[in-house]
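Structural description and commentary
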Amino acid sequence: MAKCVMVLYPDPIDGYPPRYARDGIPVIKCYPDGSSLPTPSAIDFKPGEMLGCVSGALGLRKFFEDNGHELVVTSDKDGPDSEFERELPDAEIVISQPFWPAYITRERFAKAPRLRLALTAGIGSDHVDLDEARARGVTVAEETYSNSISVAEHTVMQILALVRNFVPSHRWVIDGGWNIADCVECAYDLEGMDVGVIAAGRIGRAVLERLRPFGVHLHYFDVHRLPADVEKDLNVVYHRDVESLARSVDVVSIHSPLIAQTHHMFDEKLLGSMRRGSYLVNTARAEQTDQRAIVAALQSGQLAGYAGDVWYPQPPPSDHPWRSMPNNAMTPHVSGTTLSAQARYAAGTREILEDWFAGKPIRSEYLIVEGGRFAGTGAKSYAH
Ligand code: NAD
């Protein structure tokens, strides 16, 4: 019998389950690269249900109980007195989502001597100290591709929201006004602009593909170059470094993992090298930008807008400067946890757990760390 601690975001304030707007979600047959969706032996939820909050328990409560395991589900995750930290000493498995991350720091690893598996429900395992996981032989896994398209769609929405000045225009409607000139004084068409992505992995490439029909000039930088036929098909210009990309475009969208090389990548210097009035969208991880430098660049007009859904820490305090900085179109960390995405990563989490308990190998693309080394997707995206 194993003990699993699951850290999930709180239930909706109007109660659980919510009143759903739709009766289900479309059936997706496979991921864009042809790989299969999660293949658990069964699921105990209806796709389209809210699974990512405490009462949803990722649809896994019955699975744990039927198999005689102990499951603790909580949203109380920060500080030494949190329920998460109190439950850690005898936990074998921890599951959390990047939207409400259970930060598994070195200190917390030390408090969790029995921890063997740190699972991310979703994508992006930087809330786990991966060096410590390797040192302790803890397996880290996530559901690769489960919410990549969800994030790509959110990214395109936020690029358009910034360039077309959507949020202030919407506010005029809510406030009962009709101030056309105020709405359009900084509204542009995306058509004809240079748009670049940093990292053309699953999300970055999906963003490029979705933007191509907008008649923009596409650019990208990645430490792994796309195949020549894909570059040609997308008509995308490759840059050898982030500096070259940043000075060549009007819009940058960040899709790289948070690692030492990308930490504070967009600092005062890089932001200063961009075209005046550039737009920056970050749905990857907040700490790839320097928080203070972003605010200063928006205040000076060097950046015409900043959007994204990732913050540090999460949740951010009520006085976090990004809540009130000018020309922002921020959302909470929601892009990868639509009801559609939840169905996929909940099923993927179950697939991983079924393999784990059966002693079978976890799908290689789900792996970040295994046996003390970066493995699978982790070997490509985190090991530099
Ligand atoms: P992926 O593994 O498919 O792609 C990552 C890409 O980053 C790879 O192509 C890799 O070569 C590239 N890369 C690695 N190091 C780099 C560096 N130093 N500079 C430039 N490129 C580098 O991952 P993905 O599914 O596309 O996800 C990307 C990131 O998006 C994740 O790491 C995660 O942090 C974030 N994410 C956010 C959400 C959300 O809800 N906002 C959801 C999923 C993922």
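Model, not experiment: these values are computed from the prediction.

1. Some points on the site of the ligand
Around the ligand, the surrounding shell holds 31 residues, and the nearest of these are Ile203, Asp222, His224, Thr283 and Ser381. Ser335 places a polar side-chain atom, nitrogen or oxygen, 3.1 Å from a nitrogen atom of the ligand. Within the side chain of Ser381, a nitrogen or oxygen atom sits 2.6 Å from an oxygen atom of the ligand. Protein burial of the ligand: of its 860 Å² of free accessible surface, 96% is covered by the chains. When contributions to the shell around the ligand are tallied by element, the ones reaching two or more residues are α5 (148–163), α8 (202–211) and α15 (376–381). Of all the elements, α15 adds the most residues to the shell around the ligand, at 3 residues. Tallied by class, residues from the shell around the ligand come to 12 nonpolar, 14 polar and 5 charged.

2. Section: the UniProt feature "site: Important for catalytic activity" (unreviewed entry) in the protein chain
Mapped onto the present numbering, the UniProt feature "site: Important for catalytic activity" (unreviewed entry) falls at Arg285 and His333. Spatial clustering of the annotated residues is evident: they stretch over 49 residues in sequence, but the largest pairwise C-alpha distance comes to 9.8 Å. Within the fold, Arg285 resides in the loop between β10 (278–282) and α12 (291–300). Apart from the residues lying within four places of it in its own chain, the contact partners of Arg285 are Pro98, Ile123, Gly124, Asp126, Leu258, Val310 and His333. Within the secondary structure layout, His333 lies in the loop between β12 (328–330) and α14 (339–358). Exposure remark for His333: the relative accessible area of 10% places this residue in the buried category. In this structure His333 touches Pro98, Phe99, Arg285, Asp309, Val310, Trp311 and Gln314, once residues within four positions along its chain are discounted. A distance of 3.3 Å separates a polar atom in the side chain of His333 from the backbone oxygen of Pro98.

What counts and what doesn't
Residues numbered from 1 in each chain as written. Predicted model: local features only at pLDDT ≥ 70, side-chain atom pairs only at ≥ 80, totals over all residues. Heavy atoms only, no water. Near = heavy atom within 4 Å. Polar contact = N/O pair within 3.5 Å; in protein donor to acceptor, adjacent residues only side chain to side chain. Areas by Shrake-Rupley, 256 points an atom, 1.4 Å probe, with all protein chains shown as cover. Helix = DSSP H or I, 4+ residues; strand = E, 2+ residues; numbered from the N terminus. Nonpolar A, V, L, I, M, F, W, Y, C, P; charged D, E, K, R; others polar. UniProt positions renumbered as here; feature names shortened; annotations may be inferred. Contact = heavy atoms within 4.5 Å. Buried < 20%, exposed > 50% of the residue type's maximum accessible area, 1.4 Å probe, protein only.

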